[in-house]
Amino acid sequence: MAERPEDLNLPNAVITRIIKEALPDGVNISKEARSAISRAASVFVLYATSCANNFAMKGKRKTLNAGDVLSAMEEMEFQRFIAPLKESLEVYRREQKGKKEARKDKDRKADSEEQDKSREDDNDDDDERMEEEEQNDEEEVDN
């Protein structure tokens, strides 16, 4: 478990991408400034996680949930982030629900196709039996 910011190193590529998206075009950032932002982000993640964990422990849970993180933001006096976080959470939940429904639809379609194939096989078997019976009937008539 990371207990110090030095123990937690966020990927440089991720930090660089976030910084570039936050800055206007044509603005550069020094390596030293990027490193400072990376350390600050690590401290923020550790602090937010610790605060959210406190809320989970108060709820006698071992799993942090979105509500714990939102409560931690409020406790950390980052109220201005709560509304955007809630919006992002709703978008995430809708996407997950859509993916889950798509998987269910895909499974239903696969099951339906499998049932159709099974019916076709059964029909083919019935057709073969009928043909055999007709041949047997014809042979009996010939005899």
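Named according to an unreviewed UniProt entry, the chain is DNA polymerase epsilon subunit 3 originating from Callipepla squamata. Word for word, the UniProt comment on the chain under Subcellular location (unreviewed entry) is "Nucleus".

The next subject is the overall build of the chain. Along the chain, the regular secondary structure elements total four helices and zero strands. Buried positions account for 12% of the 143 residues belonging to the chain. Taking the intrachain contacts of the chain between residues at least 6 apart in sequence as the baseline, contacts between residues at least 24 apart amount to 39%. Carbon and sulfur atoms make up 49% of the accessible area of the chain, which amounts to about 12,200 Å² in all.

All right, on to the confidence of the model for the chain then. Averaged over every residue, the pLDDT of the chain is 85; residues scoring 70 or more account for 83%. Here helix α4 (residues 79-142) is the element of the chain with the lowest mean pLDDT, 79, and helix α3 (residues 66-75) is the one with the highest, 96.

Now for the side chain of Asp 68. When you line up the elements, Asp 68 lands in helix α3. Take Asp 68: its relative accessible area is 4%, and that puts it in the buried class. Every residue in contact with Asp 68, bar those within four places of it in the chain, is listed here: Ala 52, Phe 55, Ala 56, Arg 61 and Thr 63.

A separate point is the packing of aromatic side chains. Scanning all chains against the criterion turns up two aromatic pairs. Ring centres of Phe 78 and Phe 81 lie 5.4 Å apart, and the angle between their planes is 35 degrees; on these two criteria the pair is classed as tilted. The partly exposed category is assigned to Phe 78, whose relative accessible area is 28%. Phe 81 sits in the partly exposed class, given a relative accessible area of 33%. Members of the aromatic cluster, joined through ring pairs, are Phe 44, Phe 78 and Phe 81.

With that out of the way, let us pick up a negative patch on the surface. The grouping of Asp 127, Glu 128, Glu 131, Glu 132, Glu 133 and Glu 134 at the surface amounts to a negative patch. Residue Glu 133 is classed as partly exposed on the basis of its relative accessible area, which comes to 49%.

In this section: unusual backbone geometry. Despite not being glycine, Lys 60 has its phi angle at roughly 55 degrees, a positive value. With respect to the helices and strands, the residue Lys 60 is situated in the loop between α2 (31-58) and α3. If you check the backbone angles, Glu 77 has positive phi at about 65 degrees while not being a glycine. Looking at the secondary structure, you find Glu 77 in the loop between α3 and α4.

Attention now moves to the side chain of Ser 38. Considering the arrangement of structural elements, one finds Ser 38 in helix α2. Residue Ser 38 is classed as buried on the basis of its relative accessible area, which comes to 11%. Once residues within four sequence positions are removed from consideration, Ser 38 is found in contact with Leu 10 and Ile 15.

Take α3 next. For α3, the full list of buried residues reads Asp 68, Leu 70, Ala 72 and Met 73. The N-capping residue of α3, defined by a side-chain oxygen 3.0 Å from the backbone nitrogen of Gly 67, is Asn 65. Following α3 by one or two positions, Glu 77 has its phi on the positive side, about 65 degrees.

About the criteria used
- Residues numbered from 1 in each chain as written.
- Predicted model: local features only at pLDDT ≥ 70, side-chain atom pairs only at ≥ 80, totals over all residues.
- Heavy atoms only, no water.
- UniProt positions renumbered as here; feature names shortened; annotations may be inferred.
- Helix = DSSP H or I, 4+ residues; strand = E, 2+ residues; numbered from the N terminus.
- Buried < 20%, exposed > 50% of the residue type's maximum accessible area, 1.4 Å probe, protein only.
- Contact = heavy atoms within 4.5 Å.
- Areas by Shrake-Rupley, 256 points an atom, 1.4 Å probe, with all protein chains shown as cover.
- pLDDT = per-residue confidence, 0-100.
- Phe/Tyr/Trp six-rings, centres within 6.5 Å; stacked < 30°, edge-to-face > 60°.
- Patch = residues over 30% accessible without salt bridge, like charges linked within 9 Å, V, L, I, M, F, W, Y side chains within 5 Å.
- Salt bridge = Lys/Arg side-chain N within 4 Å of Asp/Glu carboxyl O.
- Lys, Arg positive; Asp, Glu negative; His and termini not counted.
- Charge placed at Lys NZ, Arg CZ, Asp CG, Glu CD.
- Polar contact = N/O pair within 3.5 Å; in protein donor to acceptor, adjacent residues only side chain to side chain.

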